[in-house]
Each structure stands twice: as structure tokens, then as C-alpha cells.
Amino acid sequence: MSERPTKEFLASLIVGQSVRVTRLTGDVVGRVSDIKPRLFKVRIGREVRTFLREDGGAFNAPEKSSKSWLLPLEVNAHG
């Protein structure tokens, strides 16, 4: 899980855009539901997760090792 979002990707996000969210149990697809000056809100099914605009990482992650990241939605080579 060494992938991190680029500043360019984070700056290009718009409401309604689909994104990939990394998780320890595997990546999932979410949709940007709101953009605030310092935060992104992403809906994953019924759940809404909050991510920092600064680095694209999960807001209030309990530990750095459990932090989720917003990444571009792209076809995986093995998926």
C-alpha cells in the first residue's frame, strides 16, 4: 500500500466523480459527494468517508498504517 495520490489528481476531483479508495482488505470504488476547502467526502455504498484535501488521506485514521487513500479509478492489471 505504498500508492499515494498526486496533487494534480486531488486538484482535479469534482463532485460525482468515481474514485478508488485503498483499504487494508482491498480497494473499493467510491464517489465524491462533497468538496470542502480542506476535505473531500466520498460515499462508499451507504457509508460516507472523509479525506484530507492536502494529501488525499483518510481524515481521523486511528493509525498511519490503517490510513486509506483516494486514488484514480483505473483498470488494474490483475483485476
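Residues numbered from 1 in each chain as written. Predicted model: local features only at pLDDT ≥ 70, side-chain atom pairs only at ≥ 80, totals over all residues. Heavy atoms only, no water.

Novice: Could you give an account of unusual backbone geometry, with specific residues and numbers?
Specialist: Located in the positive-phi region is N60, a residue other than glycine, with phi close to 60°. Of note, N60 is situated in the loop between strand 4 (47–52) and strand 5 (70–71). (Helix = DSSP H or I, 4+ residues; strand = E, 2+ residues; numbered from the N terminus.)

Novice: Break down the pattern of salt bridges for me, citing the residues and quoting the values.
Specialist: In the structure shown here, the tally under the stated rule is six salt bridges. Measuring nitrogen to oxygen at the nearest pair gives 3.2 Å for the salt bridge that ties R23 to E47. Taken together, the residues R23 in the loop between strand 1 (18–21) and strand 2 (28–35) and E47 in strand 4 connect sequence positions 24 residues apart. Given a relative accessible area of 35%, E47 falls into the partly exposed group. (Salt bridge = Lys/Arg side-chain N within 4 Å of Asp/Glu carboxyl O. Buried < 20%, exposed > 50% of the residue type's maximum accessible area, 1.4 Å probe, protein only.)

Novice: Got a sec to walk through the environment of L52? Specific residues and values, please.
Specialist: Along the chain, L52 turns up in strand 4. Along the sequence, L52 and E8 sit 44 residues apart, while their C-alpha atoms lie 14 Å from each other. Excluding anything up to four places from it in sequence, L52 contacts R38, L39, F40, G57, F59 and K67. (Contact = heavy atoms within 4.5 Å.)

Novice: Please give an account of the sheet that holds strand 2 that cites residues and values.
Specialist: Strand order in the open sheet formed by five strands is 4-3-2-1-5, with antiparallel pairing between adjacent strands. One side of each edge strand has no neighbouring strand; the edge strands of this open sheet are strand 4 and strand 5. One ladder, built from two bridges, connects strand 1 with strand 5; its direction is antiparallel. Pairing of V21 across the sheet is with L70, part of strand 5. (Pairing = 2+ DSSP bridges.)

Novice: Hey, could you go over the nonpolar core for me, with residue numbers and the actual values?
Specialist: Counting residues in hydrophobic clusters, the biggest one holds twelve residues: F9, L10, L13, V19, V21, V32, F40, V42, I44, F51, A58 and L70. Of all the secondary-structure elements, those providing two or more residues to this core are helix 1 (7–12), strand 1 and strand 3 (39–44). For this core, the element with the most residues is strand 3, which contributes three residues. In contact with F9, not counting residues within four places along its chain, are Q17, V19, L70, L71 and P72. (Core = buried A, V, L, I, M, F, W, Y, C linked by side-chain atoms within 4.5 Å.)

Novice: A description of the side chain of S68 should follow, citing residues and the corresponding values.
Specialist: Mapped onto the fold, S68 is located in the loop between strand 4 and strand 5. On the basis of relative accessible area, S68 is assigned to the buried category, the value being 4%. Among the polar contacts listed, one links the side chain of S68 to the backbone oxygen of T22, at a separation of 3.1 Å. When sequence neighbours within four positions are dropped, the list of residues in contact with S68 reads V21, T22, R23, R49, F51, G56, G57 and A58. (Polar contact = N/O pair within 3.5 Å; in protein donor to acceptor, adjacent residues only side chain to side chain.)

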